[in-house]
Structure formats: structure tokens, C-alpha cells
Amino acid sequence: MGKTTATAVAVMGLLTATSAQAQSGSSSDAEIALLKQQLKLLEQKLDKLQKQTSANTQAAATASAKAETAKAEIKTAVANAHAAIPVKGPMAPSGVVVTMPNNRPTICTADEQNCISLTSRVHWDLGGYDYRPNSAATVPQKLDSGENVRRARIGILGKFLGDWNYALVYDFGGSSDGFGGAAAGSLPGGGVSGVENAYLSYTGIRPFGGKMAIEGGIMDVPWTLNEATSSNDILFMERASSQVIATGIAAGDFRSAIGSRWWNDRFWAGAYVTGPTTGQIHSYSSATPNGMTEQYGVVARAAGQLVSGPDYSLHLGGNYANLIQPARNTITGAQTLTLSDRPELRIDPTTLVSTGAIANVSSAQVYGIEAAATYGSFFFQGEYFWYNVERGANTGLPPVGARSLKFDGGYAEASYVLTGERHKYNPASASYGGITPARPFAWQSGDWGAWEIAARFSTVDLNDQLATAAGIAGGRQNIYTAGLNWYVSSNIRFMLNYLHGDIARQASATSTVNTGSKFDALGFRSQVAF
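Here the structure is a predicted model, which means the values were calculated and not measured.

**So, helix 4 (residues 241–250)**
Burial analysis of helix 4 places 9 of its 10 residues in the buried class, the great majority of the element. Buried within helix 4 we find S241, S242, Q243, V244, I245, A246, T247, I249 and A250. G252 lies just past helix 4 and shows a positive phi near 80 degrees.

Structure representation (C-alpha cells):
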């Protein structure tokens, strides 16, 4: 457009100059003709320029229109592409909730009606004995010092539909603490490590204003006060021998059982039908090793907090067990029962008190009482047991017609938490739990967790009808134990135990040869659990 205007101005200038020259009268006709010819040429050029300018303008308009069309098409394509991408709106609620109660990994549905969690415990022990046999006839003559992975458990706990609870726990540790087998010199108790818990429990029924669990499988039957207390929470490295012997007849952990328990904030009652522990022979016709029938029995317990306040409590209870049918050897016909335990430290698995295999056992009963109390940071617990073994089985083996045997034993223990924490009551098991430090150990802040001192006296007498051919000289064991517990956190604990033991025993019911012993021992445990 600017170029066309300049050309027009030049033509106008030329016309003006020509007109001026014509008016002067000095131009000839030839010059006028020449000028007209030049003017015509200029008019043709101007016309050509105008047409070109018009064409350029139309082309520019067309190009602009095409550009606008292309731009619109691009915008449409981009919009379509964005539309194809899902719009990011509010995130939908997750179907699971992951938590860590007491550092236990737990996964639940959003309504918390279905859960699964991982559980584990490791108890690693170190210890040594100063063992002194009373005579050359004493067996053993020496105990071995060293270490023992007392427990190494891992498993899962969970629930379905809010009321169906289950557990599967396997023990890789030395819980059996024996040599198991039929070879000469073998000791009973070996080879039973394995499935410690594998049960299903229903808790949907809530009668009499309390809670009820109906359960069955392999479990740690909550029979006796000390057995109802978790091994993570007991005051000493081992439970008292009298209690271990009582639960070994028809209860304890690794035990097959089915039954029910009911509880509220104050009272607890439960009863179970029990069978063999895991690892027992389940073959009637086996010859190597000999086949065995399965034992069965019943256990019952009732207990509760008779007095309870902010700073004090008093717990009382009683329990009963009946081994209705002992296991029977299908090859020899023998029907036996052995009562024994290690000296409350299992670095060496050898038992120092034992009845040996009592022959012709038709049944066995245990009667027990329990008591516990708290006052501030002070804690006390004790139990006493009476064992009765009936020898009326018709096996054709001696002794025939022997009288029943009676043994007894118990313990009393107490502790004081130096840092002020307290043992809390657990109504679901009618027992007292461990210590949760108010200020877990932290080097940077100078916190040292919780510290507890403890002491125990335990006794068990496995002698009866001495000086008779059918008598049992299992020995009498008294052990004094002092303990120091350091609770680093709710998951970590270190234990230090000192034991002094005195075992009075004679070679047999009719022999007074002294086969007793004395010992002092030191044990240490490193414990982690969740």
C-alpha cells in the first residue's frame, strides 16, 4: 500500500510539472505528444500496481484466514487431547489402613473388621553354672554353660468380620530344650519345637455383660496364673518348676485344645478339652518309633480381681486339671506319665528332679490356687499346686495295684519397679502384664527406660511312698532367684538372673544313697518382641 501511494504522488508531481510547462507556451507539439505517451505509460504502470496491490491484499487475507483456521484446528486438537486425559479429582478412600500398634505391623480394612498383623519374639539366653553334685552317684556330674535361643517365634495374627480371630505362630527356637529320640541317653522333651499357635477363635457372643471366646486348635492354654502371663512379661527368665510341671500334664503351650473363656473387667472363667502337644507321634501302628495313642484331658480355671483401685489390686483364683486318658504305647502296652523340669534355667536342658516314667497311670489330677496383688510399683504373685497320679491302668505290667501318688509344689515372687511404672491387669487372660517404660531409653535425652528388681522362692517335692518298692524318689528342689530387669522400651528388655538351688534326692525309693546336688547360676536374656 505504501508503494502504490508513492507512485501516485510521483505521477501527480509529473502532471503538475507538465501542466506548468504547457502553460508557459514554450513547448512544442512534439514534446506534448511525448509527454502524453509517457503519461499513458505511467497510467498503465499505476493500474498494474493497483491490481498487484489488490491481489497481494487478497492473498494476505486468504493466508490470514487459513492461519486462523489452522489455529482453530490446533486448539480443537489440544482440547480433544486434554479431554482424553482423566481429570484428577479427589482421591478415593483407600481400602486398607496400615498401622503399627506397639510396633507390630498391622493391615486392616477401612472399617477395621478384617485385619492381619505380623508378630515375633526372640529370647536369646546366656548363662553359666557352678554345679556341685553331692556324691559320685549323682546324675549328672556336670552342667554345661553357654547359650540357648530359648524362643525364636514368628507368625501372623488376624481377624475376619470383626469376631473371627486366628493365629499361626512357628517357633524356631530351643523351646523343647531336650534331645528327643529313642537312642540310649536321650532325654524326653526334644523335637517338639514347631507350631506353637494355630487356632481359630470366635468372640461374637457377649453374655452376662462380658465377652466370650470360643476357640480351638493349637494354643497356649491360659491355665494357671503364670501360664496366662506372656513369656514376654514374666518376671524371671523361666517360670517356676512347680507351675511348669502342672501345665505339662494337660495344658501349657504347643497344646491342642478346644474350649471357651468368658471375662469382664473383674472376673474370668474358662474350660478346655485338651489333647497332645505338637510333635507327638500320631500313628497307632508305627513300630519305629513305637506307635502311641493320643492323650486327652480337661482343664478349668476361675479367677478375678476382688479388689481394684487406682494404686492397688488383689487377684485370687483357682484351677483344676484332669488327664482323663494318658497316651498308651501300642507296642509295649505301657501307659506312663513323667513329672520333671529343668532347674529354672535352660542353658543346659538336663532335669535335676524327675519322677521318671510312672507306670500304669490311669489318670492324673492337678489342683491349684493363685494370688496376686499390686500396691503402687510393688507387685506380688504366687501359686501352689497339688498333683495326684492314679496308677490303676490294666496294662499287665508291674507294679500292679499300686496306690496313687501325691506330690506338691509352689512359688512366691515379688518385684518393685524402681522408676515408678506399674504392672497392669489384663482382664482377657486374668493376669498381669509387663512394664511399659514411661520414658523409653534415649541416649541423647538422658532417658534410661524402666528398671525393676525381683525375687522368688520356688519349691517342688516329687517324692512319695519312700522306703516302698512302688514309691517314687523324684527329689525335692528349692530354688532362690534374684532378678534385675531393664525395660529399654515396650519391645526390648534385658534380664539378669542369679539362682541358688538345693536338690535333695536319693538313688531310689528304697535306696538312701545321696544323689542330690547344689548349684549357683547366672543367666542373662536379650529379648525383643512385637
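**Here's the deal with the pairing of strand 15 (residues 378–390)**
Bridge analysis of strand 14 (residues 363–375) against strand 15 gives 13 bridges, and the strand direction is antiparallel. Bridge pairing links V366 to Y387 in strand 15. From the end of strand 14 to the start of strand 15, which pair antiparallel, there are 2 residues, and G376 there has a positive phi angle of about 60 degrees.

**A look at unusual backbone geometry**
Geometrically, the link from V139 to P140 is a cis peptide bond, its omega value of 5 degrees lying close to zero. The topology assignment puts P140 in the loop between strand 3 (115–133) and strand 4 (146–160). Put simply, T288 and P289 share a cis peptide bond, and its omega is -5 degrees. Position of P289 among the secondary structure elements: in the loop between strand 9 (267–277) and strand 10 (296–308). Not every positive phi belongs to a glycine, and E344 is a case in point at roughly 60 degrees. Assignment of secondary structure puts E344 in the loop between strand 12 (340–341) and strand 13 (353–354).

**Some points on the state of the cysteines**
Counted according to the given criterion, the structure contains 1 disulfide. Disulfide partner of C108: C115, at an S-S distance of 2.0 Å. Of note, the bridge from C108 to C115 carries an S-S torsion of about 115 degrees and is right-handed in sense.

**Re the confidence of the model for the protein chain**
Mean pLDDT over the protein chain stands at 88; residues scoring 70 or higher make up 82%. Low pLDDT, under 50, characterises residues 183–192; the predicted model gives this stretch 18 contacts beyond four residues in sequence or across chains.

**Section: the side chain of D447**
Here D447 is to be found in the loop between strand 18 (431–432) and strand 19 (450–464). Reaching out from D447, the side chain makes a polar contact with the side chain of R439 at a distance of 2.5 Å. At 2.9 Å, the side chain of D447 forms a polar contact with the side chain of S445. Those residues in contact with D447 that sit more than four places away from it in its chain are R439, P440, F441 and A442.

**Regarding empty space enclosed by the protein**
For the coordinates displayed, the defined rule picks out 3 cavities of 30 Å³ or more. By volume, the largest cavity amounts to about 70 Å³. Lining the largest cavity, in full, are N226, T229, D233, I234, L235, F379, Q381, E413, H423, Y432 and G433. The residue inventory of the lining of the largest cavity, partitioned by class, reads 4 nonpolar, 5 polar and 2 charged.

**Section: the pattern of salt bridges**
Per the counting criterion, the structure on display carries 17 salt bridges. E196 is the salt-bridge partner of R153, the closest N and O atoms lying 3.3 Å from each other. With R153 in strand 4 and E196 in strand 6 (residues 195–202), this pair connects stretches of sequence that are 43 residues apart. We note a salt bridge from E238 to R525, for which the minimum N-O separation is 3.6 Å.

**What to know about the packing of aromatic side chains**
Under the counting rule described, the total for this entry stands at 15 aromatic pairs. Taken together, the ring pairs in this structure connect F441, W443, W448, W451, W486, F494 and F524 into an aromatic cluster.

**Side note on the environment of G317**
Examined against the element boundaries, G317 turns out to sit in strand 11 (residues 312–325). In the structure, G317 is positioned 49 residues away from W268 in sequence and 9.1 Å away in space, judged by C-alpha atoms. When near neighbours in sequence (up to four residues on either side) are disregarded, G317 contacts A302, A303, I369 and E370.

**Comments concerning the pairing of strand 11**
On a regular strand, one side chain projects to one face of the sheet and the next to the other, so that they alternate. Direction of pairing for strand 10 relative to strand 11: antiparallel, over a ladder of 12 bridges. Note on strand 11: the bridge partner recorded for G297 is L323. In textbook terms, the turn of a hairpin is the stretch between consecutive antiparallel strands, and for strand 10 and strand 11 this stretch comprises 3 residues.

Reading the values: the criteria
- Residues numbered from 1 in each chain as written.
- Predicted model: local features only at pLDDT ≥ 70, side-chain atom pairs only at ≥ 80, totals over all residues.
- Heavy atoms only, no water.
- Buried < 20%, exposed > 50% of the residue type's maximum accessible area, 1.4 Å probe, protein only.
- Helix = DSSP H or I, 4+ residues; strand = E, 2+ residues; numbered from the N terminus.
- Pairing = 2+ DSSP bridges.
- Disulfide = S-S within 2.5 Å.
- pLDDT = per-residue confidence, 0-100.
- Contact = heavy atoms within 4.5 Å.
- Polar contact = N/O pair within 3.5 Å; in protein donor to acceptor, adjacent residues only side chain to side chain.
- 1 Å grid on protein atoms, 1.4 Å probe; cavity = no way out; pocket = protein on both sides within 12 Å on 5 of 7 lines; lining within 4 Å.
- Points joined across faces, edges and corners; volume = space filled by probe spheres on them.
- Nonpolar A, V, L, I, M, F, W, Y, C, P; charged D, E, K, R; others polar.
- Salt bridge = Lys/Arg side-chain N within 4 Å of Asp/Glu carboxyl O.
- Phe/Tyr/Trp six-rings, centres within 6.5 Å; stacked < 30°, edge-to-face > 60°.

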